[in-house]
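Fold and geometry: a report
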Amino acid sequence: MSFLTIRNLCVSYGNEVVLHDFSLSVEKGCIYSFIGPSGCGKSSLLKTIGGIIYPQSGTILLDGVTIDPSNQSIGYIPQNYGLLDWLTVRKNLSLGKKIRKIEAVHEKKIVDQLEIGDLLDRYPRQLSGGQQQRVALARSWMLEPQLLLMDEPFSSLDSFTSEKSGKLFLSLWKEQKITTLFVTHNLQEAVRMGKYIVLLSHQPAKVIDVIENPLFQPGVQRNDIDFYHFEQTLIQRIRKEGGEL
């Protein structure tokens, strides 16, 4: 049985159909990178799984149970990181555990790993984009979620900071193996981050293919020839379906 099962999901905003008959099975402890045309419904998919918007039809099961963010631990990192401007980093980090009335897991270790120990008394407006992203990641990771949803978390960062943040995330993931759905518009980032690459169609989004990433475990860098060849394979696969990123 898959850890996360999505069956025949349909989501629309008024007359605009965003997801139609969307189905996917996700293995436990893996990272799935979602890549597809801009506006195809990637963010709407995460928001539906996270309980932010409600589908018109379909089912979502997490570990065999109908998904319910109020009873299950689901971490969500939106594009703007979701930090509260009027709270310090320290209080932003503690917000999740206060809401859920639980103790944070490995708090000091995660703060050290993500290099945010000297930022605890600052406010989000005093942080760079990369720093805000690491704080948002720490807040979610401390709750040790069953499922982590990441919506283009590195999209506003420069390439150097994005790559550094990605490496920090992977170093955390290798320790706890939290099942992660990672949405991106950057194909190189999808390959760098995902054990599986989920190719999506134009809106309304459907799954074109789920491809196991042969470069995930070896950690091949984006300037390596194997990385280039795999990237080109994905581009051709998307174009075959009439899509462009």
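Averaged over all residues, the pLDDT of the protein equals 86, while 92% of them reach at least 70. Taken element by element, the predicted model of the protein shows its lowest mean pLDDT in helix H2 (residues 89-100) (80) and its highest in strand S8 (residues 179-183) (96).

Helix-helix packing is characterised by the crossing angle of the two axes and by the distance between the axes. Remark: helix H4 (residues 129-142) packs on helix H5 (residues 159-176), axes separated minimally by 10 Å, with the N-to-C direction vectors making an angle of 15°. Relative to H5, the element H4 is oriented roughly parallel. Crossing hand, H4 versus H5: right-handed. In this structure, H4 uses Gly 130, Gln 133, Arg 134, Leu 137 and Trp 141 to contact H5, whose residues at the interface are Thr 161, Ser 165, Leu 168, Phe 169, Leu 172, Trp 173 and Gln 176. Residue composition of the contact of H4 with H5, grouped by class: six nonpolar, five polar and one charged.

Overall, mixed pairing links the six strands, which are arranged S6-S7-S8-S3-S9-S10 in an open sheet. On the outer flanks of this sheet lie strand S6 (74-77) and strand S10 (207-212), each paired with one strand and no other. In this sheet, adjacent strand axes meet at a mean angle of 15° when their direction is disregarded. Bridging between strand S3 (residues 31-35) and S8 involves four bridges; their strand directions are parallel. When the sheet's bridge partners are listed, Tyr 32 is paired in S8 with Leu 181.

This part takes up the sheet that holds strand S5 (residues 65-66). With respect to topology, four strands assemble into an open sheet ordered S2-S1-S4-S5, the strand pairing being antiparallel. Each edge of the sheet is formed by a strand with only one pairing partner; in this case those strands are strand S2 (16-26) and S5. Of the pairings in the sheet, the one linking strand S1 (residues 4-13) to strand S4 (residues 57-62) comprises five bridges and is antiparallel in character. Paired with Leu 4 across the two strands is Leu 62, which belongs to S4. Sheet strands touched by helix H1 (residues 42-49): S1, S2 and S4. Its angle to S1, the strand with the most contacts, is close to 115°.

Before going further, it helps to spend a moment on H4. Over its 14 residues, H4 extends 20 Å from the first C-alpha to the last, a length consistent with the 20 Å expected when each residue adds 1.5 Å. In terms of burial, H4 is a largely internal element, 13 of the 14 residues being buried.

What follows deals with the environment of Gly 64. Here Gly 64 shows up in the loop between S4 and S5. Linking Gly 64 and Leu 4, residues 60 residues apart in sequence, is a C-alpha distance of 7.7 Å.

Now for the environment of Thr 180. Take Thr 180: it is sitting in strand S8. Since its relative accessible area comes to 0%, Thr 180 is described here as buried. Between the C-alpha atoms of Thr 180 and Met 193, which are 13 residues apart in sequence, the distance is 10 Å. Aside from chain neighbours lying at most four places away, what touches Thr 180 is Cys 30, Ile 31, Tyr 32, Leu 148, Met 150, Phe 169 and Trp 173.

Cut-offs and rules
Residues numbered from 1 in each chain as written. Predicted model: local features only at pLDDT ≥ 70, side-chain atom pairs only at ≥ 80, totals over all residues. Heavy atoms only, no water. pLDDT = per-residue confidence, 0-100. Helix = DSSP H or I, 4+ residues; strand = E, 2+ residues; numbered from the N terminus. Axes fitted to C-alpha atoms, helices over the stretch in contact; angles between N-to-C directions. Parallel < 35°, antiparallel > 145°, perpendicular 65-115°, else oblique. Left-handed = near helix turned anticlockwise from the far one by under 90°. Contact = heavy atoms within 4.5 Å. Nonpolar A, V, L, I, M, F, W, Y, C, P; charged D, E, K, R; others polar. Pairing = 2+ DSSP bridges. Expected span 1.5 Å × (residues − 1). Buried < 20%, exposed > 50% of the residue type's maximum accessible area, 1.4 Å probe, protein only.

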